[in-house]
Amino acid sequence: MDLLQLRYFRTAAKRQHLTQAARELRVAQPSLSRSIARLEQELGVSLFDREGRGLRLNESGRAFLRRVEKLFAELEDGIREAQDLARAGQAVIRLAVSVPRILPDLLAPFRALHPDVRFRQSMLPTSRLEQALTLGEVDLVFSTVPPKAPDIVWTPLLEEPIYLVVPASHRLADRQAVRLVEAADEGFVSLHEGYGFRQLTDDFCRQAGFEPNIAFEGDQLDVMAALVTQGLGVAFVPALTWRQTRQSGVRRLRIVDPDCKRTIGLAWSKTRYRSRAAESFGQFVIDYFAQMQTDL
């Protein structure tokens with residue numbers, strides 16, 4: 001048994017089709033079939049149920065795959081650790097975010113302290129963030145949804161208020177705070193369905209007893225207030241977004257019922273390798289947000 005056999009098995013288990021797995025591995029399909037057959041012979045058990053060129057992991061195959069995944073995870077982490085030690089002072093920190101607005105204020109001060117550190121950012125949907133950590137694709141994740149996997153740590157960083165933004169000429173514009181139900185008849189400028197923030201704000205409206213009338217849908221939170229200025233409707237805007245992209249011609253109103261907030265957290269895997277640079281940045285982030293909480 002060797003690593004090549006295990007890599008072939010892992011890919012076949014993922015694709016569950018010999019031709020597709022062979023294409024991904026760039027090997028001939030008969031060669032892949034022989035490799036898997038030799039592996040099963042060495043183990044003394046069948047790992048797949050065969051259906052033509054299709055493969056389906058059986059119970060033994062699923063159990064073996066879990067161990068193989070752990071083996072490759074250790075190998076990949078070992079490679080990363082060795083490379084990090086060899087490139088001391090030139091570390092790369094891999095981030096995934098569902099709330100990109102928080103990054104600009106973090107990266108510059110950290111790089112001032114660690115000028116040789118580089119960042120690689122991925123914008124991933126909320127549903128992919130946990131998987132990215134588990135697979136070791138990223139070192140740290142910023143998200144508003146606590147992970148469910150037991151091997152992932154999630155540290156709350158900030159409880160962020162969500163405001164209602166209205167045009168300066170709006171009937172509510174002279175108020176400091178409102179109950180959300182007071183905006184039940186308004187058109188809302190909102191993110192597309194599928195975004196975590198859209199789901200959150202739709203839930204706020206339902207808590208207030210109404211379904212939001214969506215007048216405009218987009219994909220960038222930082223332009224919501226600008227669209228409100230143009231009279232397209234009212235909008236929910238998180239405190240960090242407001243702090244960095246304040247618009248003239250609009251008013252920010254605190255929502256007192258329901259309590260409209262979200263928690264931003266930092267997550268990392270307990271079982272995957274994190275470089276010293278990633279650990280330093282994680283602690284820097286925690287300390288930074290401990291200071292920021294009082295400013296929102």
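To be clear, the structure that these remarks concern was listed above.
If you look at the biggest cluster of nonpolar residues, it comprises 31 residues, and the most contacted ones within it are Leu164, Val165, Leu180, Phe188, Met224 and Phe236. Those elements that provide at least two residues to this core are strand S6 (152–167), strand S8 (187–191), helix H7 (196–207), helix H8 (224–229), strand S10 (234–238) and strand S11 (250–257). When residues no more than four places from it in sequence are discounted, the contact partners of Met224 are Val189, Ser190, Leu191, Gly218, Ala235 and Val237. Leu240, Ala278, Phe281 and Phe284 belong to the second-largest nonpolar core, a separate cluster that totals 25 residues.

On to the pattern of salt bridges, then. Going through the model one piece at a time under the given rule, you end up with 19 salt bridges. In this structure, Lys14 engages Glu24 in a salt bridge whose closest nitrogen and oxygen atoms are separated by 2.9 Å. Of this pair, Lys14 sits in helix H1 (residues 3–15) while Glu24 is found in helix H2 (residues 18–25), placing the two residues ten residues apart along the sequence. Taking relative accessible area as the criterion, Glu24 reaches 34% and is therefore assigned partly exposed. Ionic pairing is found between Glu217 and Arg198, a salt bridge with its closest N-O pair at 2.8 Å. Here Arg198 lies in helix H7 and Glu217 lies in strand S9 (residues 213–218), a separation of 19 residues in the sequence. According to the relative accessible area criterion, Glu217 is partly exposed, its value standing at 35%. One network of salt bridges, in which partners are shared, links Arg10, Glu69, Glu76 and Arg272.

Turning next to the side chain of Ser269. Among the secondary structure elements, Ser269 is positioned in strand S12 (residues 261–269). In terms of polar contacts, Ser269 uses its side chain to reach the backbone amide nitrogen of Thr271, at 3.1 Å. Polar side-chain contacts of Ser269 include one of 3.2 Å to the backbone nitrogen of Arg272.

Quick notes on the rules
- Residues numbered from 1 in each chain as written.
- Predicted model: local features only at pLDDT ≥ 70, side-chain atom pairs only at ≥ 80, totals over all residues.
- Heavy atoms only, no water.
- Core = buried A, V, L, I, M, F, W, Y, C linked by side-chain atoms within 4.5 Å.
- Buried < 20%, exposed > 50% of the residue type's maximum accessible area, 1.4 Å probe, protein only.
- Helix = DSSP H or I, 4+ residues; strand = E, 2+ residues; numbered from the N terminus.
- Contact = heavy atoms within 4.5 Å.
- Salt bridge = Lys/Arg side-chain N within 4 Å of Asp/Glu carboxyl O.
- Polar contact = N/O pair within 3.5 Å; in protein donor to acceptor, adjacent residues only side chain to side chain.

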